[in-house]
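Single-letter residue listing:
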Amino acid sequence: MRKIIILILFFLPAILQAQTKRSESMIIDMIAGINVNLFEPKFGNASDCLLSTKTISPFIKGRFSYFFSSGWGAFVDLKLASATHSGRDYSNMIPNLYYNLGDDFKENNSTILHDGSIGGTYRIEKKNWSIRTRLGIGIGEMLAKNPNFTIKEKGNNNLYYIIYLAGDTYMEVDELPFLNPGISLSYKYDDILFNVDINYTQFIQKTSYTYLLTDAYTQKVIEKRKFAPKNLSGNLEIGLGISFSF
Amino acid sequence: MKYLLRTILVLAVFLGMGFNCEGYLDEEPEYRSCKLTDFELHHMNNEGKQPVEATSDGIKKEAYILRIDLITDSLISNYNYSFYKLEDGIIKLDINTINTFNQDYPAGADIRSCFTNYPGTVEQYIGDYTQKGDTIDIMTGSKIYLALRTIPQAGLHSFKVTLTFASGKKIEKETTPIVLY
């Protein structure tokens, strides 16, 4: 979240400065809609549910756009989206030769994720209708799980702790860079625009995980390895909103 | 005026939190005194998910757990609101093998180091930390689960357990023989 605020604060003065020099229009969008998680994480040996969240979740978004000319402009936006872990099967996290004596999985853990982006926009207007296309770059948050297990080997006294750590230590939310192309279809009535807003967020980095296997008797680390999902995550946002132009 | 009221309210909340934390941290648990009257030894089979009482068939030697039940003059459960504390705490727990344990431990040898507190979740668990110099006195549970971590030779085994108390008193017991295969 800190990175997002820094990103916005870094670019906002440039936009506002441009506004004082020119008199082109500004648009403030307020959008609400659904966020469709298109990410099906595949981890290989570990459970895919480490990063999986429920497919559809609500979001709200605010966007400020400044147009340098009748067509071209720049925008900055901030999105708040609800995300809940999906309670998928995680049995493949424990090998068949072991019993699961207990785990802490926080299956229904949910939180509000933030993301912010900045970029360029191009507007085409015809009478009261307009289409705005965008391409932005930003930083977004992803919900991560840090489950731990106590496992016992079948047929003997061996006991181990397994901990999956998002990142190197412990991280419930990961901040990752993304690209987001988008399009808004607007109908202008007086100074208010009514919009249909579609955005696609493509993360360009993966959340890495650390797998830690520890002997429960001695606390010695037996195995430590890092892994990441095979594919990059992405979200599709479909929203409705109103905008004020100045 | 409203700022003054808000300031007073915030101060009151913080002061209240401070008093509460201080009180909570300083609170001493109220222990009830009890006496150890006896103890029992049980062979536990830990091949499955949880340790279970051994049968006459014996136990796989990699899955042996020695359970020591501490019997006091008070009924102790995990759900007691206050802990019980032994009047005469246990300062040492020795285990000696009656038979030859393996080539490193002949009959009569001290084999306490071959056992480790079982870290799995078991009912009424109380750890034995006397090897680290601690005393077993606060009865957070009543059953000591000691997992065998050094593999013995296959055959008939029995163990002698000696508890030494802070007063110097000692009590000892022997397990029934068990086949470890």
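The present account deals with the structure reproduced in this document. The structure displayed is predicted, hence computed values, not measured ones.

## Describing the overall build of chain B
- For chain B, the count of helices and strands is 1 helix and 12 strands.
- Reading the helices (α) and strands (β) of chain B from amino to carboxyl end gives α-β-β-β-β-β-β-β-β-β-β-β-β.
- Burial analysis of chain B (181 residues in total) assigns 25% to the buried set.
- Across chain B, every contact between residues at least 6 apart in sequence was considered, and the portion connecting residues at least 24 apart equals 65%.

## Re the sheet that holds strand S9 (residues 173-189) of chain A
All names here are of chain A.
- Strand order around the closed barrel formed by 8 strands is S1-S2-S3-S5-S6-S9-S10-S13, with antiparallel pairing between neighbours. Within the sheet, the average angular offset between the axes of one strand and its neighbour, ignoring direction, is 25°.
- Pairing geometry for strand S3 (residues 72-84) and strand S5 (residues 110-126), over 13 bridges, is antiparallel. The partner of leucine 78 across the bridge, within S5, is glycine 116.

## Thoughts on unusual backbone geometry
Residues and elements named next belong to chain A.
- For lysine 127, which is not glycine, the phi torsion reads 55° and is therefore positive.
- One can find lysine 127 in the loop between S5 and strand S6 (129-143).
- A positive phi angle is found at glutamine 219, which is not glycine, with a value near 65°.
- Structurally, the position occupied by glutamine 219 is in the loop between strand S11 (209-215) and strand S12 (221-227).

## Let's talk about the environment of A:Gly119
- If you trace the backbone, A:Gly119 turns up in strand S5.
- With sequence-adjacent residues up to four places away left out, A:Gly119 is seen in contact with A:Phe75, A:Arg134, A:Leu135, A:Gly136 and A:Ile137.

## So, the sheet that holds strand S2 (residues 36-45) of chain B
All names here are of chain B.
- Strand order across the open sheet formed by 5 strands is S3-S2-S4-S8-S6, with antiparallel pairing between neighbours. At either end of the open sheet lies a strand with only one pairing partner, and these are strand S3 (52-53) and strand S6 (115-117).
- One ladder, built from 2 bridges, connects S2 with S3; its direction is antiparallel. Across the sheet, the residue bridging to methionine 44 is glutamate 53, located in S3.

Cut-offs and rules
Counting from 1, residues in each chain are numbered in the order their sequence is written. Chains and ligands are labelled sequentially in the order written, the chains with letters from A and the ligands with numbers from 1. Local features in a predicted model are, by the rule used here, given only for residues with pLDDT of at least 70; side-chain atom pairs are given and counted only at 80 or more, and totals for whole chains, interfaces and linings are based on all residues. In DSSP terms, a helix is any run of H or I states spanning at least four residues, a strand is any run of E spanning at least two, and both are numbered starting from the N terminus. Counts of 20 or more other C-beta atoms within 10 Å of a residue's own C-beta define buried residues, counts of 12 or fewer define exposed ones, and intermediate counts define partly exposed ones; C-beta atoms are placed from the backbone. Our contact criterion uses C-beta atoms placed from the backbone: two residues qualify when those atoms are within 7 Å. At least two DSSP bridges between two strands are needed for those strands to be called paired. All axes are obtained by fitting lines to C-alpha atoms, using only the stretch in contact for helices, and the reported angles, taken between N-to-C directions, cover 0 to 180 degrees.

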